[in-house]
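Report on the structure
This is what each chain is made of:
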Amino acid sequence: MEAIRLEALSKKYKDTVAVDSLSLTIRKGELFSLLGVNGAGKSTTIKMLSCLTKPTSGNAFLGGKSICREPADVKAQIAVSPQETAVAPGLSVRENLALMCGVQGFSRDRKRTKIAEISHQLGLDSVMEKRAETLSGGWKRRLSIAMALISEPQILFLDEPTLGLDVLARSELWDLIRSLKGKVTVILTTHYMEEAEALSDRIGIMRDGRLLICDTAEAIKRTAGTDSFEEAFIRIVKEVEK
Amino acid sequence: MRMLAFAKRNALEILRDPLNLIFGLGFPLVLLILMNAIQSSIPVPLFELSRLVPGITVFGLSFMTLFSASLIAKDRKSALLCRLYTTKMTPTDFILGYTLPVLPLCAAQCVICYAVAIALGLDMTVHILYAVLLIVPVSVFYIALGLLCGSVLSDKQVGGICGALLSNLSAWLSGVWFDLELVGGFFRRLASYLPFLHAVELERAVLAGNFEAILPHLLPVLGYAAVFLILAVVLFLRQMKNS
């Protein structure tokens, strides 16, 4: 069953084509990664899918709802963990989670239950009363994802979730992302090849706003004729240059 | 519900910043006590409590502009707003969420200034209550200015423009610290076209029980508050779209 369908989705900024007629289908519960060099169009694609910016042409359907015609219905089923750590710095971890519950319109009981559930699920129990500004980068990312998950989204956008984290924090976050597989449709953007390879069911590689290839990591390596995923990525992206 | 959750968060962010408390509450109180001490030694009509306190309660609001502008600019920088834009929150939720929590802070600042002034010898009359009530439209102007600055400036620019420029404008052109009639000329005319002087004179008139003088000063304050609120909403929505 499909969770997301993109139909010739395009975005132009004056003379620049950020996303060029992108068509793609992502299955429910799938962990899909978008890879590409800077300016490839990954973030613009995420912004369009999360209704932050309108496409110039084309359309996309999330859970059958159009981003152009039914943005409120789309917003009801998604959550975004932005590239930067988007938390309220002066609030405690608990208060940050409560803020998102309030923004989602949860009742008092549901708020209490969800906060307990998500803090346990993401291992935040030990830092619940700490202010977000005092947390390390890894904990902030974890909180950021918890704030996205607390709304029980069907589709979760993770934009560079492990950027700047140390090896241990990244490994812990990978475990967390893996645990979401099958339950939530996850769209991940990353610059780390090993991250995409380790976590994704399928990977789409973008360049200059276009989707160059979309397949499993193994299939992409086979297509590129190499055993290394990083090498496969480089070959595919450079092939377009020629 | 959504707006209230957001407003609560904004109130907590402002109240938990010690610099906000120092400048928002401490600084006006220090000025009040200091000017009152000077007045005790060298009497100047401008610094009599009945004229000084209304001025300080208005001048103190320029810090509220700084607080709300800083909060919005930081939220824009941290991408927290970007996250919230992907929820079902409406533009009204955002604008009210940033505006409403600052209003009680403005009123509280005013009440505390009057409480200290009473301790220093200001007569306790019902006019003080009216002065606190009429600080609300003045506060709306200052908050709208903060919303506007926060929507277009970076967090660093907010510090310079709201922290230095605006508080100086609010001080020089309001007649709190010197009599504008003594300066006269263009400076006096400029002050009469801007809302700062009218806000101070409005509060002075209310405290003095000079109710006939309220409307001529209230109208320009309300006008500026309405214009800046509309501008702030337009610019906030524009940055919301651009982000």
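Look above for the structure.
These notes cover the structure that comes with them.

1. Describing the environment of Tyr-114 of chain B
Residues and elements named next belong to chain B. The topology assignment puts Tyr-114 in helix H7 (residues 102-120). Of the residues examined, Tyr-114 reaches a relative accessible area of 1% and is grouped as buried. Sequence spacing of Tyr-114 and Val-126 is twelve residues, and the spatial spacing of their C-alpha atoms is 12 Å. Setting aside chain neighbours within four positions, we find Tyr-114 in contact with Val-53, Pro-54, Thr-57, Leu-122, Ile-128, Ala-131, Val-132, Glu-203 and Leu-207.

2. Quick look at the sheet that holds strand S5 (residues 65-66) of chain A
Hydrogen bonds between backbone groups are what pair the strands of a sheet, and the pairing can be parallel or antiparallel. All names here are of chain A. Sheet architecture is open: four strands sit in the order S2-S1-S4-S5, paired in antiparallel fashion. Two strands bound the open sheet, and with one partner strand each, they are strand S2 (16-27) and S5. The pairing of strand S1 (residues 2-13) with S2 spans eight bridges and is classified as antiparallel. Its bridge partner lying in S2, Tyr-13 is registered against Thr-16. Each of S1, S2 and strand S4 (57-62) touches helix H1 (residues 42-49); the most contacted strand, S1, lies at about 115° to it.

3. Describing empty space enclosed by the protein
Which parts of space are left empty comes out when a probe the size of a water molecule is rolled across the atoms. Under the counting rule described, the total for this entry stands at three cavities of 30 Å³ or more. Counted as a void, the largest cavity has a volume near 70 Å³. As for the largest cavity, its lining consists of Ile-78, Ala-79, Val-80, Met-100, Gln-104, Met-147, Ala-148 and Ser-151 of chain A together with Arg-83, Thr-86 and Thr-87 of chain B. Those elements that provide at least two residues to the lining of the largest cavity are strand S6 (78-81), helix H3 (93-104) and helix H5 (137-149) of chain A. Broken down by element, the residue count for the lining of the largest cavity peaks at three residues, all from S6 of chain A. Across the lining of the largest cavity, the residue classes break down as six nonpolar, four polar and one charged.

4. A word on unusual backbone geometry
Even without glycine at this site, Cys-51 of chain A takes up a positive phi of about 65°. Within the fold, Cys-51 of chain A resides in the loop between H1 and S4. For Cys-51 of chain A, a relative accessible area of 17% corresponds to the buried category. A positive phi is found at Ala-79 of chain B, a non-glycine position, where the angle reads about 75°. The residue Ala-79 of chain B is located in the loop between helix H4 (61-78) and helix H5 (80-85) in this model.

5. Structural notes on a nonpolar patch on the surface
Together, Val-126, Leu-129, Tyr-130, Leu-133 and Phe-211 of chain B give the surface a local cluster of nonpolar side chains, amounting to about 470 Å² of exposed area. Checked against the element boundaries, Leu-129 of chain B lands in helix H8 (residues 127-152).

Calculation notes
- Residues numbered from 1 in each chain as written.
- Chains lettered and ligands numbered in written order.
- Predicted model: local features only at pLDDT ≥ 70, side-chain atom pairs only at ≥ 80, totals over all residues.
- Heavy atoms only, no water.
- Helix = DSSP H or I, 4+ residues; strand = E, 2+ residues; numbered from the N terminus.
- Buried < 20%, exposed > 50% of the residue type's maximum accessible area, 1.4 Å probe, protein only.
- Contact = heavy atoms within 4.5 Å.
- Pairing = 2+ DSSP bridges.
- Axes fitted to C-alpha atoms, helices over the stretch in contact; angles between N-to-C directions.
- 1 Å grid on protein atoms, 1.4 Å probe; cavity = no way out; pocket = protein on both sides within 12 Å on 5 of 7 lines; lining within 4 Å.
- Points joined across faces, edges and corners; volume = space filled by probe spheres on them.
- Nonpolar A, V, L, I, M, F, W, Y, C, P; charged D, E, K, R; others polar.
- Patch = residues over 30% accessible without salt bridge, like charges linked within 9 Å, V, L, I, M, F, W, Y side chains within 5 Å.
- Areas by Shrake-Rupley, 256 points an atom, 1.4 Å probe, with all protein chains shown as cover.
- Salt bridge = Lys/Arg side-chain N within 4 Å of Asp/Glu carboxyl O.

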